[in-house]
Amino acid sequence: MAAACERCGRAPESVRLVAVSKFHPASDIRALLACGQREFGESYAQEALAKQDELVGEDILWHFIGGLQTKKARQVAGRFALIHSVDSAKLARELAKRASEARVLQPVLIEVNMGEEQKAGVEEADLPELARLVVSLGERGCGLDLRGLMCLPPVFDSPEEAGPAFEYLRELRDELSATLSRPLPELSMGMTGDFETAIEEGATIVRVGTSIFGPRPQKP
Ligand SMILES: *Cc1c(COP(=O)(O)O)cnc(C)c1O
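On a predicted model such as this, the values are computed, not experimentally measured, just so you know.

Enquirer: So what's going on with the environment of aspartate 157? Which residues, and what values?
Expert: Within the secondary structure, aspartate 157 sits in the loop between strand S6 (143–150) and helix H7 (163–180). Taking relative accessible area as the criterion, aspartate 157 reaches 80% and is therefore assigned exposed. Separated by 123 residues in the primary sequence, aspartate 157 and alanine 34 place their C-alpha atoms 35 Å from one another.

In structure tokens:
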């Protein structure tokens, strides 16, 4: 990450590492905590909440990065430093309702769909409307706090090929920020295979699992 920052003239502290611990046990998270890593990403609500319980009292910032069903919104609202995967009005409304009930402001990203073969993420044409809704759901000190955008690019043969998708997400973020007249500082993009390319295109958060924890075991 530091080398990628240096190559494109960015400050190393402008990019945060979310270590993606899905399918790995809490003991692996403890090993990384001992090395100074603080931010961890999980994709499945039940698994994530079980690990939070196991690691209660540890100084961890949890990220929810997976697809989120509306019916799980109640369980996750207020329990993650950042939810990366808001992609529908229905989910946004439910998360906002649950966050308001808990009297918290829940930071979120909107996930943008980057290819025809992907199911997750809002279509680009629907992004401005969803973003306006999310902003409107957080104007009284609780509800949702829109921090930026997230994407999973299509799978490519080489990391450089993901570059245009990452560049595109940055452009979408810049346009949206101008339209909404508010800063959208976070761009969550880049994983094991392409995080360096993502950093060169402006990622502020990279989500890396395999190259830290090794291959994922089967889902527990
Ligand atoms: C699993 C996952 C990652 C991590 O992928 P690796 O290739 O193991 O680094 C990142 N982002 C999301 C949304 C994921 O589901």
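Enquirer: Any chance you could break down helix H6 (residues 127–136) for me, citing the residues and the numbers?
Expert: When we look at burial in H6, the residues that qualify are Leu127, Leu130, Ala131, Leu133, Val134 and Val135. In this structure, the buried side of H6 is in contact with strand S4 (82–86), helix H5 (89–101), strand S5 (105–111), S6 and H7.

Enquirer: Quick rundown of the site of the ligand? Include the residues and the values.
Expert: Taken together, the residues surrounding the ligand are Val20, Lys22, Ser43, Ile65, Met150, Met191, Thr192, Arg207, Val208, Gly209, Thr210 and Arg216. Glycine 209 places a polar main-chain atom, nitrogen or oxygen, 2.8 Å from an oxygen atom of the ligand. In this structure, threonine 210 approaches the ligand through a side-chain N or O atom, which is 2.5 Å from an oxygen atom. Taken by itself the ligand offers 390 Å² of open surface, and the protein chains cover 88% of this. When atoms are counted within 2 Å of each cavity's grid points, the one that captures over half of the ligand is the largest pocket.

Enquirer: Give a description of unusual backbone geometry that names residues and reports values.
Expert: The backbone of phenylalanine 23 shows a phi angle near 70 degrees, a positive value even though the residue is not glycine. Mapped onto the elements, phenylalanine 23 comes out in the loop between strand S1 (16–20) and helix H2 (26–34). Positive phi values are uncommon outside glycine, yet arginine 103 reaches one of about 55 degrees. Structurally, arginine 103 can be placed in the loop between H5 and S5.

Enquirer: So what's going on with the side chain of histidine 24? Which residues, and what values?
Expert: Looking at where histidine 24 falls in the secondary structure, it is placed in the loop between S1 and H2. Judged by its relative accessible area of 4%, histidine 24 falls in the buried class. When near neighbours in sequence (up to four residues on either side) are disregarded, histidine 24 contacts Glu47, Lys51, Phe213, Gly214, Pro215, Arg216 and Pro217.

Enquirer: I'd like a rundown of the pairing of S5, residues and numbers included.
Expert: Counting buried positions along S5 gives five out of seven residues, so the element sits mostly inside the fold. The parallel pair S4 and S5 is bridged by H5, and the resulting crossover is right-handed. Here seven bridges tie S5 to S6, and the two strands are oriented parallel to one another. The residue of S6 that forms the bridge with glutamine 106 is leucine 144.

Calculation criteria
Residues numbered from 1 in each chain as written. Predicted model: local features only at pLDDT ≥ 70, side-chain atom pairs only at ≥ 80, totals over all residues. Heavy atoms only, no water. Helix = DSSP H or I, 4+ residues; strand = E, 2+ residues; numbered from the N terminus. Buried < 20%, exposed > 50% of the residue type's maximum accessible area, 1.4 Å probe, protein only. Contact = heavy atoms within 4.5 Å. Near = heavy atom within 4 Å. Polar contact = N/O pair within 3.5 Å; in protein donor to acceptor, adjacent residues only side chain to side chain. Areas by Shrake-Rupley, 256 points an atom, 1.4 Å probe, with all protein chains shown as cover. 1 Å grid on protein atoms, 1.4 Å probe; cavity = no way out; pocket = protein on both sides within 12 Å on 5 of 7 lines; lining within 4 Å. Sits in = over half its atoms within 2 Å of the grid points. Right-handed = clockwise from strand over helix to strand, strands pointing away. Pairing = 2+ DSSP bridges.

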